[in-house]
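# Structural characterization, general
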Amino acid sequence: LHLSLRRQRQMCIRDRDKSFEFNKSFVFDNISFSYCNESEFILKDANFVLSPNKIICIVGESGIGKSTIAKLIIRIIFPNKGNIYIDDVPIYDIDLKSYRNNVGFMPQKPIIIDDSLLENIVMGYDNYNTNQINLIVKDTGLENLILKLPNGIYSKIGTHGFKVSEGEAQRIALARIILRNPKIIILDEPTASLDNDTENKIICTIKNIKEQSKSLVIIITHKESTMSLADKIIYVKNKNIIIEEIS
């Protein structure tokens, strides 16, 4: 634990004045991570190289380290050993705001605020127009939810409003990401709570995101239907990384 905290402080005090750029590669270089101590590594000497305009699936048993990889990429935890690079620049040297503006994350259980459906999609982002919202609503399969709401997209949802299902919450979170068009997108089990028709629509949407935005899309999943999207599959097994390239 002390080693991990010391490592975290070292990461935090580095200069973070570089802007985010991602044109070539995203690299895990000999990454090891432990939540407790170095005798209980979740990841051990993990190495892989990812590229823009690709879909990557991360696969493995529950608790094996898939979400840990996502947290390391998002920069909410720090490796005990090794470094992560974007276009040969350590991610900890990149201004945190610039970095986070270019990384979109959809957790398994997205946050829904007590506000309108529209505000839950835009979440403070104001650089959008009505046509964008209409297209995103269609692409994420939110039309049926809007039809159920008394005031459409302006209806209040959340704890003190209309209660949305887990699948609807996931689609709202995906809509947030699409609106911001980040360069790196991380989706944690994006089709786990969806019916077959909506799952197929979301799979098509994910394909379109990659093709239109040229983003790196990283999907944590256990579903073969979602894995079929992958250009590369990262298997996490016993603290190790096994890479399968899809030809």
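Conventions and cut-offs
Residues numbered from 1 in each chain as written. Predicted model: local features only at pLDDT ≥ 70, side-chain atom pairs only at ≥ 80, totals over all residues. Heavy atoms only, no water. pLDDT = per-residue confidence, 0-100. Helix = DSSP H or I, 4+ residues; strand = E, 2+ residues; numbered from the N terminus. Pairing = 2+ DSSP bridges. Contact = heavy atoms within 4.5 Å. Axes fitted to C-alpha atoms, helices over the stretch in contact; angles between N-to-C directions. Buried < 20%, exposed > 50% of the residue type's maximum accessible area, 1.4 Å probe, protein only. Lys, Arg positive; Asp, Glu negative; His and termini not counted. Salt bridge = Lys/Arg side-chain N within 4 Å of Asp/Glu carboxyl O. Polar contact = N/O pair within 3.5 Å; in protein donor to acceptor, adjacent residues only side chain to side chain. Core = buried A, V, L, I, M, F, W, Y, C linked by side-chain atoms within 4.5 Å. Expected span 1.5 Å × (residues − 1). Arc of directions from axis to C-beta.

Below, the discussion takes up the confidence of the model for the protein chain. Summary statistics for the protein chain give a mean pLDDT of 87 and a share of 92% for residues scoring 70 or more. Per-element mean pLDDT across the protein chain ranges from 52 in helix H1 (residues 2–12) up to 97 in helix H4 (residues 117–122).

Before going further, it helps to spend a moment on the sheet that holds strand E1 (residues 26–33). An order of E2-E1-E4-E5 is seen for the four strands of this open sheet, with the pairing classed as antiparallel. Bordering the open sheet on either side are strand E2 (43–50) and strand E5 (89–90), each of which pairs with just one other strand. Strands E1, E2 and strand E4 (81–86) of the sheet are contacted by helix H2 (residues 66–74), whose axis makes an angle of about 120° with E1.

Moving on to the side chain of Arg171. Here Arg171 lies in helix H7 (residues 166–180). No salt bridge is formed by the buried Arg171, whose closest oppositely charged neighbour, Glu168, lies at an N-O distance of 4.8 Å. Within the structure, Arg171 has its side chain in polar contact with the backbone oxygen of Gly141 (distance 2.7 Å). Arg171 has contacts with Thr140, Gly141, Leu142, Leu194, Thr198 and Ile202, leaving out every residue within four places of it along the chain.

Phe26, Phe28, Ile69, Ile73, Tyr99, Ile184 and Ile218 are the most contacted members of the largest nonpolar core, which has 35 residues in total. Looking at this core, the elements with two or more residues in it are E1, E2, strand E3 (54–59), H2, E4, strand E9 (184–188), strand E10 (216–220) and strand E11 (232–237). By size, the runner-up hydrophobic cluster in this structure holds 20 residues, among which are Ile55, Ile202, Ile203 and Ala230.

The next thing to look at is the pattern of salt bridges. Any two side chains of opposite charge can pair, so long as their charged atoms come close to each other. Summed over all chains, the structure comprises six salt bridges. The shortest N-O distance in the salt bridge between Asp88 and Lys24 comes to 3.3 Å. Of this pair, Asp88 sits in the loop between E4 and E5 while Lys24 sits in the loop between H1 and E1, and the two are 64 residues apart along the sequence. Both residues of the pair, Asp88 and Lys24, count as exposed. A salt bridge links Glu143 to Lys201, with the nearest nitrogen and oxygen atoms 3.8 Å apart. Taken together, the positions of Glu143 in helix H6 (residues 143–148) and Lys201 in helix H8 (residues 196–213) put the pair 58 residues apart, joining distant regions of the chain. The exposure class of Glu143 is partly exposed, given its relative accessible area of 28%. Judged by its relative accessible area of 34%, Lys201 is partly exposed.

Here the focus is the side chain of Arg176. Structurally, Arg176 can be placed in helix H7. No salt bridge forms around the buried Arg176; measuring N to O, its nearest opposite-charge neighbour Glu119 is 9.8 Å away. Here Arg176 is in contact with Ile111, Ile112, Asn120, Ile121 and Met123, once residues within four sequence places are set aside.

What follows covers H7. Compared with an ideal rise of 1.5 Å per residue, which puts 15 residues at 21 Å, H7 spans 22 Å between its outermost C-alpha atoms and is within 8% of the ideal. Counting buried residues along H7, twelve of its 15 residues qualify, which places the element largely inside the surrounding structure. Listing the buried residues of H7 in full gives Gly167, Glu168, Ala169, Gln170, Arg171, Ile172, Ala173, Leu174, Ala175, Arg176, Ile177 and Leu179.

Taken residue by residue, helix H5 (residues 130–139) has Ile133, Ile136 and Val137 as its buried positions. Looking straight down H5, one finds its buried side chains confined to an arc of 100°; they lie on one side. Those residues of H5 that are exposed and angled more than 90 degrees off the buried face are Asn131 and Lys138. The inward-facing, buried residues of H5 contact H4, H6 and H7. For H5, the side-chain oxygen to backbone nitrogen distance between the N-cap and Asn131 is 3.1 Å, and the N-cap itself is Asn129. Remark: Gly141 follows H5 within two positions and exhibits a positive phi of approximately 70°.

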